[in-house]
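Listed below are the residues making up each chain.
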Amino acid sequence: MSFSDDPIIPSDPTPQLPPVQDANAAAAAARSRRRRANRREMFPADAEGQAALISALSRRAYPSLELFVFSLVCGAILGLGFLLDSQAVLLLGILVTPLMTPWVGFLLALLTGSPRFLFETLMALLISGVIVFLGGLLTGFAARLFLPMTFTNVFIHTRLWPPALGVLAIGAITLVASFARSEDKPFLPSVIIAYAFYLPINAGGFGLGSGVPGIWPQGILVFVVHFALASTLGLLTLFAIRLRPTTQESSSVESHSCSSRGS
């Protein structure tokens, strides 16, 4: 038997490797399709789906008794923090603030044009603010016994600061977006909104009660600016996530407002 001197060369010397890049691209495309499907399911485009979503959000944002209870505790602690000029006590007061979902309800009422829900959420926020203001007012009267004193934190929170406005903008957008996208309670962005709303209100009451110049009504004016900025950004966020007002949504919000009030 004789063997050929020419080597036998295989026709395909390199084994065929699996197309890893193609598989990764296909997986990424599948994930992208799932994300788009989830977004469509979360924020439906049809009027009926929008009405159901707005109704569910309004039910979650309806004011409850805890808003006023926590406002009372918050106002007392914040007033004590200003009296002691203690940032630690002020931080404790902010941590016990109520969840600011009624503010989101106020934005939903503006979006849908529901007058009853708008009145109820606005009055709830107003009463909450008055309770916090009274906490500062009472501690301000108590501060008259210890004058003259240095109230550094009071003056800080009755002035407009660009970094504070930037943090407020982030908190407003995050609170509205997270509230609309998840059933969980957005505690952290709610604390940011409460910080921007309640500290100037309480400081304004403290200034009125203590009679120290340069505090009242500056604190209330700072709150008005914060509230206007946060509400504008919150409405823009609702539009950005494609929540658009319709007649069906407005009537749905009205009906759930009546049912929540009755319960």
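Residues numbered from 1 in each chain as written. Predicted model: local features only at pLDDT ≥ 70, side-chain atom pairs only at ≥ 80, totals over all residues. Heavy atoms only, no water.

**Side note on helix 9 (residues 187-210)**
Formally: Where helices and strands are cited, they refer to DSSP runs of H or I of at least four residues and of E of at least two residues respectively, numbered from the N terminus. Helices are assigned an expected span. That span is 1.5 Å times one less than the residue count. Values of bend correspond, residue by residue, to the angle between axes fitted over the seven residues ending at that residue and the seven starting there.
With 24 residues, helix 9 extends 32 Å from end C-alpha to end C-alpha; this agrees with the ideal 34 Å at 1.5 Å per step. Along helix 9, the helix axis deviates most sharply at alanine 194, where the bend reaches about 30°. Directly beyond the C-terminal end of helix 9, a positive phi value near 80° is found at glycine 211.

**A word on the packing of helix 8 (residues 162-181) against helix 9**
The line we're drawing: Structural elements are reduced to axes, namely lines fitted to C-alpha atoms, with helices fitted over the stretch in contact, and the angle between N-to-C directions of any two is expressed from 0 to 180 degrees. Roughly parallel refers to an angle under 35 degrees, roughly antiparallel to one over 145, roughly perpendicular to one between 65 and 115, and oblique to any angle outside these ranges. Take the far helix as your reference; a near helix turned counterclockwise from it by less than a right angle gives a left-handed crossing, and one turned clockwise gives a right-handed crossing. By definition in these notes, contact holds between two residues if any of their heavy atoms fall within 4.5 Å. Under the grouping applied here, Gly and all other residues not named as nonpolar or charged are polar, the nonpolar ones being Ala, Val, Leu, Ile, Met, Phe, Trp, Tyr, Cys and Pro and the charged ones Asp, Glu, Lys and Arg.
Packing of helix 8 against helix 9 leaves a shortest axis separation of 8 Å and a crossing angle of 135°. It follows that helix 8 is oblique to helix 9 by the angle criterion. In terms of crossing hand, the pair formed by helix 8 and helix 9 is left-handed. Across the interface between the two elements, Val167, Leu168, Gly171, Ala172, Thr174, Leu175 and Ser178 of helix 8 pack against Pro189, Ser190, Ile192, Ile193 and Ala196 of helix 9. Taken together, the residues of the contact of helix 8 with helix 9 break down into eight nonpolar, four polar and no charged.

**What to know about the confidence of the model for the protein**
In plain terms, the rule: Residue-level confidence of the predictor, termed pLDDT, takes values from 0 up to 100.
Averaged over all residues, the pLDDT of the protein equals 82, while 73% of them reach at least 70. Low pLDDT, under 50, characterises residues 36-40; the stretch is placed with zero contacts to residues that sit more than four places away or in other chains.

**Looking at the packing of aromatic side chains**
This is how the line gets drawn: When the centres of two rings from Phe, Tyr and Trp lie within 6.5 Å, Trp using its six-membered ring, the rings pair. Their planes under 30 degrees apart give stacked, over 60 give edge-to-face, and anything left gives tilted. Any residue under 20% of the maximum accessible area for its type is buried, any over 50% is exposed, and the rest in between are partly exposed; the area is computed with a 1.4 Å probe on protein chains only.
In total, this model carries nine aromatic pairs according to the counting rule given. Note on phenylalanine 82 and phenylalanine 206: the rings are 6.3 Å apart at their centroids and 50° apart in plane angle, and the pair reads as tilted. Note that phenylalanine 82 is positioned in helix 3 (residues 65-84) and phenylalanine 206 in helix 9, a separation of 124 residues in sequence. Each member of the pair, phenylalanine 82 together with phenylalanine 206, is buried. Geometrically, the ring pair formed by phenylalanine 106 and phenylalanine 227 is tilted, given 5.6 Å between the ring centres and 45° between the ring planes. Of this pair, phenylalanine 106 sits in helix 5 (residues 101-112) while phenylalanine 227 sits in helix 10 (residues 218-240), and the two are 121 residues apart along the sequence.

**What about the environment of proline 217?**
Along the chain, the position of proline 217 falls in the loop between helix 9 and helix 10. Judged by its relative accessible area of 39%, proline 217 falls in the partly exposed class. For the pair proline 217 and proline 200, spaced 17 residues apart in sequence, the C-alpha separation works out to 9.8 Å.

**Topic: the packing of helix 3 against helix 4 (residues 87-95)**
Put simply, helix 3 and helix 4 touch, their axes get as near as 8 Å, and they point 170° apart. Taken together, the axes of helix 3 and helix 4 are roughly antiparallel relative to one another. The residues of helix 4 that touch helix 3, namely those facing Cys74, Ile77, Leu78, Leu80, Gly81, Phe82 and Leu84, are Val89, Leu90, Leu92, Gly93 and Ile94.

**Focus: a nonpolar patch on the surface**
Worth spelling out the cut-off: Only residues whose relative accessible area exceeds 30% and that form no salt bridge are eligible for patches; like-charged ones are grouped when within 9 Å, while nonpolar side chains (Val, Leu, Ile, Met, Phe, Trp, Tyr) are grouped when within 5 Å. Per-residue accessibility takes into account occlusion by the displayed protein chains alone, with areas from the Shrake-Rupley method and a 1.4 Å probe. Any carboxyl oxygen of Asp or Glu within 4 Å of a side-chain nitrogen of Lys or Arg constitutes a salt bridge here.
Taken together, the side chains of Phe119, Met123, Leu126, Ile127, Val130 and Leu134 present a nonpolar region at the surface, about 530 Å² in accessible area. Residue position: leucine 134 is located in helix 6 (residues 115-143). Under the relative-accessibility criterion, leucine 134 is labelled partly exposed at 42%.

**Considerations on the nonpolar core**
Under the convention used in this document: Working definition of a nonpolar core: buried Ala, Val, Leu, Ile, Met, Phe, Trp, Tyr and Cys residues. They are joined through side-chain atoms within 4.5 Å.
The biggest cluster of nonpolar side chains holds 49 residues, and the ones touching the most others in it are Trp103, Ile193, Phe197 and Tyr198. With nine residues, helix 9 is the largest single contributor of residues to this core.

**Observations concerning the environment of threonine 121**
Relative to the helices and strands, threonine 121 resides in helix 6. By relative accessible area, threonine 121 is classed as buried at 0%. In this structure the C-alpha to C-alpha distance between threonine 121 and proline 63, which are 58 residues apart in sequence, comes to 6.6 Å. Every residue in contact with threonine 121, bar those within four places of it in the chain, is listed here: Pro63, Pro102, Gly105, Phe106 and Ala109.

**Some thoughts on unusual backbone geometry**
Residue proline 148 is reached from leucine 147 by a cis peptide bond, and omega for that bond is 0°. For proline 148, the location among the structural elements is in the loop between helix 6 and helix 7 (152-156). Of the consecutive residues tryptophan 216 and proline 217, the connecting peptide bond is found in the cis state with omega at 5°. Here the phi dihedral of aspartate 85 falls at roughly 55°; this positive angle occurs in a residue that is not glycine. Note on aspartate 85: relative accessible area 24%, which makes it partly exposed.

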